[in-house]
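This is what each chain is made of:
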Amino acid sequence: MKYLNLKLGCEGMEDSSIVELYWARSENAITETALKYGKYCHAIAFNILSNKEDADESVNDTYLGAWNCIPPHSPYILSTFLGKITRRISLKKWRDKNADKRGGGEVLFVLDELADCIPSSNDVEREVQTVELSKVINAFIKTLPDTERRVFICRYWYLDKIPAICKQFDFSPSKVKSMLHRTREKLMSHLEKEGAVYDD
Amino acid sequence: MTTDELLDAIGIIDDEAIRDAKEYQRPTSHRIVKWSVIAACLALCVALFGVAYSQGLITLDWIEKLFGVSEQVELLEGQVISIDESAVSNGINLTLNSIVTDGSIIYADFNISQLEGEILEKDFNFHVGLPTFKGYGGSGSLTPIANSESNSDNDNQEFVLRYTVSGMNLNLLGKTITLIVNYHDGGSGEFTSKWIFEVKLNNVMESVSYTMQDGTGVIVTPISIALEQWSFFGKSADNYKVEMADGSLINLTGSSSYEEGHIDENGNKIPRYKVNNIMFVEVIDPHEIVAIWAMGTRYELVPDQ
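A. Broad picture of the environment of Leu-94 of chain B. Residue and element names in this part refer to chain B. As for its position among the elements, Leu-94 is in strand β2 (residues 92-101). The class of Leu-94 is buried, set by 22 C-beta atoms lying within 10 Å. The spacing of Leu-94 and Ile-196 is 102 residues in sequence and 9.7 Å in space, taken between C-alpha atoms. With residues up to four places along the chain from it excluded, the contact list for Leu-94 reads Ser-86, Ala-87, Phe-110, Ile-112, Val-181 and Trp-195.

This is the structure:
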């Protein structure tokens, strides 16, 4: 079985030069972005959508999103800047498509797994600002050992399939699952401790 | 909070962490190297293996004969030290082929020649000493290795010594030990032969520290498990099992001995209860244990940071 090779782009123009093209409003910015990060963004989109055409559409929307964001933004790491746009757009597309049937892609599995980290609804406030929550998660991942952090991000940021993670880290599936299980337990504990969930 | 919100929040974590996760590639044994290098290495390996095999140096099959064949056997095999040293006492030749430790248990593979009859454990006595640390105790047991070549007659029998040291405070990894083997023929009571080997043990063995809910410290290696407290005090290891991440249960064996107090290298007594000498019946990945079952009770293990 083949798994998507979700490697960061390493060929093409320097990131800073690509960003300069965006600032100069040169359409070459998109050409160079596609050349260097097209596969990377497509892999993220495909992990979420499991459909080539939908993934292509998400990647094109990513280029448009980058065009609209730069300027005023000047991304520190272009790859993850683009990846974040792709991920957000692809998740939105997945939700729109699956509003009533919730199927397809790796999202469903990931959502099921992340349910481990959500305390009982009787005990928590339902709405927490995403940015605030992200700060708490950022603090959490900094407490993780390197390998656990990387595996966690591969699964829950990139939505990589378990076999793809096994391949990248040279781990057995049971080891990856066990590691993820423990990290989710730690995350739940961290969310409670940091007050990311509130009593009614 | 919903899982969707959590997924979105994860989406905007630090860029550096996102990039680092994808850039990382764990080194594997399947690296791509030039074919010329592969060919050269293969040729060298074949040549060395041929020489080693012909001289009886490579005897690692005893590990698989003891523990069975599994993916995890490599964890143990990778640390085995090849010794191939012989000593003669009363005309009996004893060869120490190879040795490995996980820090508390030593496995040593021997061949013994010119003994009449089968090897009887009661006829042997073992002692492991360290030059810098006297008065240290332990116990050993022998397992004959069924080997069609070496055990085809009684002139050259292969066996494995499993020597368990008392107490977890002493870590044997990387230590130079004196391994003394005494033998008496047929219950005479007097040791008639004595062989002494001085060997440096392997430096490294996979090891994971866990803590149980009651605070009990647990150290797990591919071949043994040791518990630092009393919740298991006095229980028979025969009733222990470990639960792996995939849900399987693995039996344990051993004497579940304990130690009350321990004398450290400076002669100070350290009061603590420990249960050790518990071994797995197969080689396991110590990262994949999630719980211990003892007397029908499940004790969850949380890995230490």
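On we go from here.
B. Here's a closer look at the confidence of the model for chain A. Residues and elements named next belong to chain A. Taken over all residues, the pLDDT of chain A has a mean of 80, while the share at 70 or more is 82%. Looking at the elements of chain A, mean pLDDT is at its lowest for helix α5 (residues 107-114), recorded as 77, and at its highest for helix α7 (residues 146-156), recorded as 92. Every residue in residues 121-127 is under pLDDT 50, and counting partners more than four places away or in other chains gives 10 contacts.

C. Summary view of unusual backbone geometry. Residues and elements named next belong to chain A. The step from Ile-70 to Pro-71 runs through a cis peptide bond, and the omega angle for that step is -15 degrees. Structurally, the position occupied by Pro-71 is in the loop between α3 (52-69) and α4 (78-97). Cis geometry marks the peptide bond from Pro-71 to Pro-72; its omega dihedral reads 15 degrees. By the element assignment, Pro-72 lies in the loop between α3 and α4. The phi angle at Arg-25 is positive, at roughly 60 degrees, despite the residue not being glycine. On the secondary structure map, Arg-25 appears in the loop between α1 (15-23) and α2 (28-49). Judged by the 10 C-beta atoms lying within 10 Å of it, Arg-25 falls in the exposed class. In this structure, Leu-159 takes a positive phi of about 55 degrees despite not being glycine. By the element assignment, Leu-159 lies in the loop between α7 and α8 (162-169).

D. Examining the environment of Val-110 of chain A more closely. Mapped onto the elements, Val-110 of chain A comes out in helix α5. On the basis of neighbour count, Val-110 of chain A is assigned to the buried category, with 22 C-beta atoms found within 10 Å. Residues Val-110 of chain A and Asp-160 of chain A lie 50 residues apart in sequence; the distance between their C-alpha atoms is 9.4 Å. If sequence neighbours within four positions are ignored, Val-110 of chain A has contacts with Arg-155, Tyr-156 and Leu-159 of chain A together with Leu-7 of chain B.

What counts as what
- Residues numbered from 1 in each chain as written.
- Chains lettered and ligands numbered in written order.
- Predicted model: local features only at pLDDT ≥ 70, side-chain atom pairs only at ≥ 80, totals over all residues.
- Helix = DSSP H or I, 4+ residues; strand = E, 2+ residues; numbered from the N terminus.
- Buried ≥ 20, exposed ≤ 12 C-beta atoms within 10 Å, placed from the backbone.
- Contact = placed C-beta atoms within 7 Å.
- pLDDT = per-residue confidence, 0-100.

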